[in-house]
Amino acid sequence: MQSCVIIQFLLLLLVKVEKSDGISSPIKPFTTYKNSAELERNVADLWWTVDDAEREIMFELHVKTTGWIALGISPAGGMSGADIGVGWVDWAGKVHFQDRYAFSTLRPVIDNTTTDWFHLQGREQNGWTSIQFKRLLDTCDSMDVSIRSGTNVLIFAYGLVDPDMSRSDGDIAYHDSRRGSRMIPLRSYGSPSSEEKFVGLDSFEFRASNYHVPSDESTYYCKVYKAPNHFQTKRHAIAHKVLIDPTNRDLIHHMVVYECDPAATFDDTNLPDDACDNVYVQVPLCMSNSASVWAIGGDDLEEFPEEAGYPVGGNFPVKYYVLEIHYDNPKRALNRTDSSGIRFYMGKELRQHDIGFLSFGTGPNPASLAIPPQVNRFIVDSYCDPKASQGDAFATRCVYNTMNKKEITLGGLRTKDEMCLHIFSYYPRMSNYYSCFTRNDMLAWQTVLNTSSPIIDNSALRQLLLDVKWTPALAIKWQEFYNNASRVNYFGSAGHFEEEFFSVLPKYEDLKSLECKKQ
């Protein structure tokens, strides 16, 4: 049995919504909430507060309709498997509310196992409906979806009229195009400090400058920055803050600040600044070593432990950085400009340790990730040997649900693709070690796909995988393949990667799942 450190979470380091983003409802909320978000401009707004002591969450949903309104928690981004609360206010002012579950994309059924959504009050005013309701964070009900820290996928919909429950056909009518979804972090990973704590400290920023966001569905933007040169001696950043243009929060999927290898050089009068596809050839030594990471679901403000900080200036060898922003634009919005980025706050005193960042998991490519459709639980493991990590072994795991998918999902950079990345900060910082990734060996792919021709690259593999005809039996075989396939482990830093071959991943004792206990 391999002894190792186990990290079992999918980390898209993910943000607490402290302020409203363009709330448009004319109705004043029933109470004061800690968080709010505009679900759809001039159509739907949401407020919420989490009570960790009571293990419950209170919502207030406002929708521009006098018909029924609904909010759901989706396990995988679609309607299938979603836990949904549906409510309306009738002609007499009485609030009706139902706990429903969606087995598919058809009309969700009333959850007759237990009732876990509870309305508190509601009203109609100025052509809008508002309902306040609550539920436990984890109901222990198989027809509910747990609300955990990090990213939650919310779906919402509404109708134009109230259901007439006195009629046999009086169920909620089809919403047609009156629906939407948002990825929102309902619960923070921690308790971020207030930004007021850092007022008066030195700071520096890496941010875009009125970048014209293309109308493409998915865009990666890259900009190179020279390290701040006004710190003559080494200083420590003690916190960093994500700066997102309020009007563009719906577009930004994630941001990464990368360190360039000390050997990287640029023309300081003409630093690369363009779509990443046009920049990658200029920054081969810059796209592997993380210095800061944020994605949907992470806290906007992160403070480092009091004994450690991120090194900047003086004899710290990193002289250039790259800001990468992923814009997710499924509606192909036009004429959007953005100046989002990240700010670092500098401490007044040098701390004991330097902070570094480590990335584990798989690469964003088909050789690493090929997830079959219509699977309730598909497991992808990765492993990092003590040789790679200078002393410790790390096993990481991503678990996927693809019940709402009809086609294979491949590893890639687009939002519709998948990733399996686990990124965390640590101290004391190690030199020349930033990442350790695992992919399936190409010979293993050749065997499972039953082809005699060598698979030369990810493009060829991608096409072969897209041509697979899926059956339930093949999906089971696919999991067996992932459990036993030979792997290639590549580790190190930009420009200094090594590889290690494993005929099979070492076995380790898995973490035991905690039993759900309903209050």
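Remember, predicted model here, so these are calculated numbers, not experimental data. (Residues numbered from 1 in each chain as written. Predicted model: local features only at pLDDT ≥ 70, side-chain atom pairs only at ≥ 80, totals over all residues. Heavy atoms only, no water.)

1. Quick look at the sheet that holds strand β17 (residues 252-259)
Backbone-to-backbone hydrogen bonds pair the strands of a sheet. The strands run either parallel or antiparallel. Inclusion rule: When DSSP locates at least two bridges between a pair of strands, those strands are taken to pair. Put simply, DSSP H or I for four residues or longer makes a helix, DSSP E for two residues or longer makes a strand, and each gets a number counted from the N terminus. Helix axes are fitted to C-alpha atoms over the stretch in contact, other axes to C-alpha atoms as well, and angles between N-to-C directions run from 0 to 180 degrees.
Read across the open sheet, the five strands follow the order β18-β15-β22-β17-β19; overall the sheet is antiparallel. Since the sheet does not close on itself, it has two edges, and those belong to β18 (273-275) and β19 (289-295), each with one partner. Put simply, the sheet's adjacent strands are angled 15° from each other on average, direction ignored.

2. Some words on the pattern of salt bridges
To be explicit about the condition: Put simply, a salt bridge is a Lys or Arg side-chain nitrogen that is within 4 Å of an Asp or Glu carboxyl oxygen. Summary of the burial criterion: residues with accessible area below 20% of their type's maximum are buried, those above 50% are exposed, and those between are partly exposed, where the area comes from a 1.4 Å probe applied to protein chains only.
Under the counting rule described, the total for this entry stands at 20 salt bridges. Taking the shortest distance from any N to any O, the salt bridge between R135 and D83 comes out at 2.6 Å. Of the two residues, R135 sits in strand β10 (residues 128-136) while D83 sits in strand β6 (residues 83-89), which places them 52 residues apart along the sequence. Ionic pairing is found between E259 and R429, a salt bridge with its closest N-O pair at 2.8 Å. On the criterion of sequence distance, the pair formed by E259 in strand β17 and R429 in the loop between β31 (421-426) and β32 (435-440) is long-range, its members being 170 residues apart. Like R429, E259 is buried.

3. Brief notes about unusual backbone geometry
The residue after Y427, namely P428, is reached through a cis peptide bond having omega -5°. One can find P428 in the loop between β31 and β32. Positive phi outside glycine occurs at D176, with the angle close to 60°. With respect to the element layout, D176 can be found in the loop between β11 (150-158) and β12 (179-187). Judged by relative accessible area, which is 43%, D176 ranks as partly exposed. One non-glycine residue, N335, lies in the positive phi region at around 55°.

4. Regarding the environment of F118
Rule in force here: Contact definition: two residues touch when any of their heavy atoms are within 4.5 Å.
Inspection of the secondary structure puts F118 in strand β9 (residues 118-125). According to the relative accessible area criterion, F118 is partly exposed, its value standing at 42%. Measuring from C-alpha to C-alpha, the distance between F118 and R135 comes to 6.3 Å, with 17 residues separating the pair along the chain. Those residues in contact with F118 that lie beyond four places of it in its chain are Q132, F133 and K134.

5. Details of the confidence of the model for the protein chain
Definition in use: pLDDT expresses how confident the predictor is about each individual residue, on a scale running from 0 to 100.
Scored by pLDDT, the protein chain comes out at a mean of 89, with 94% of its residues at no less than 70. Within the model, the stretch residues 1-20 combines pLDDT values under 50 with 78 contacts to residues more than four positions away or in other chains.

6. Focus: the UniProt feature "domain: DOMON" (unreviewed entry) in the protein chain
Using the following cut-off: UniProt positions are given in the numbering used here, feature names are shortened, and annotations may be inferred rather than shown by experiment.
As annotated in UniProt, the feature "domain: DOMON" (unreviewed entry) corresponds to residues 42-159 in the numbering used here. Within residues 42-159, the helical portion is 0% and the strand portion 54%, while the C-alpha atoms at the span's ends are 16 Å from each other.

7. With respect to the packing of aromatic side chains
As a reminder, the rule being used: Stacked, tilted and edge-to-face are the three classes assigned to paired rings of Phe, Tyr and Trp, where Trp is represented by its six-membered ring and a pair needs centres within 6.5 Å; plane angles under 30 degrees give stacked, over 60 edge-to-face, the rest tilted. Comment: the charge-over-ring label is applied if NZ (Lys) or CZ (Arg) is within 6 Å of the ring centre and within 35 degrees of the ring normal.
Overall, the coordinates contain 30 aromatic pairs when judged by the stated rule. Three or more aromatic residues joined by ring pairs form one cluster here, namely F204, F206, Y225, F231, Y310, F316, Y321 and F344. For R123, the ring lying beneath its charged end belongs to F30, and the centroid distance is 4.2 Å. Over the ring of Y225 we find K223, and its NZ or CZ is 5.3 Å from the ring centre.

8. Some points on the nonpolar core
Considering soluble globular proteins, one finds that nonpolar side chains tend to be buried as a cluster. Using the following cut-off: Definition of nonpolar core: a set of buried residues of the types Ala, Val, Leu, Ile, Met, Phe, Trp, Tyr and Cys, connected through side-chain atoms within 4.5 Å.
Counting 34 residues, the largest nonpolar core has M255, Y310, Y321, I325 and Y327 as the members making the most contacts within it. Ranked by residues supplied to this core, first place goes to strand β22 (residues 320-328) with four residues. When residues no more than four places from it in sequence are discounted, the contact partners of I325 are A208, T219, Y220, Y221, I252, H254, M255, D338 and S340.

9. Observations regarding the state of the cysteines
Note the following rule: Two cysteine sulfur atoms form a disulfide, by the criterion used here, when they sit within 2.5 Å.
What the rule picks out here adds up to four disulfides. In this model C222 forms its disulfide with C276; the gap between the sulfur atoms is 2.0 Å. Measuring the twist about the S-S bond at about 95°, one finds the C222-C276 disulfide to be right-handed. In this pair, C222 is assigned in strand β15 (residues 218-226) and C276 in helix α1 (residues 276-279), connecting sequence segments 54 residues apart. What pairs with C260 in a disulfide is C286, and their sulfur atoms sit 2.1 Å apart. The sign of the 110° torsion about the S-S bond sets the C260-C286 disulfide as right-handed. Within this pair, whereas C260 is found in the loop between β17 and β18, its partner C286 is found in the loop between α1 and β19, the two being separated by 26 residues in sequence. Residue class for C260 comes out buried when judged on its relative accessible area of 1%.

10. What about the pairing of β10?
Summarising burial for β10: eight of the nine residues are buried, a large majority. Across eight bridges, strand β4 (residues 56-63) lies against β10 in antiparallel orientation. By the bridge assignment, M58 is partnered in β10 with K134. Pairing of β9 with β10 involves seven bridges; the strand directions are antiparallel. Residue pairing in the sheet places Q125 in a bridge with W128 of β10. Counting the residues between successive antiparallel strands, the hairpin from β9 to β10 contains two residues, one of them, N126, with a positive phi of roughly 55°.

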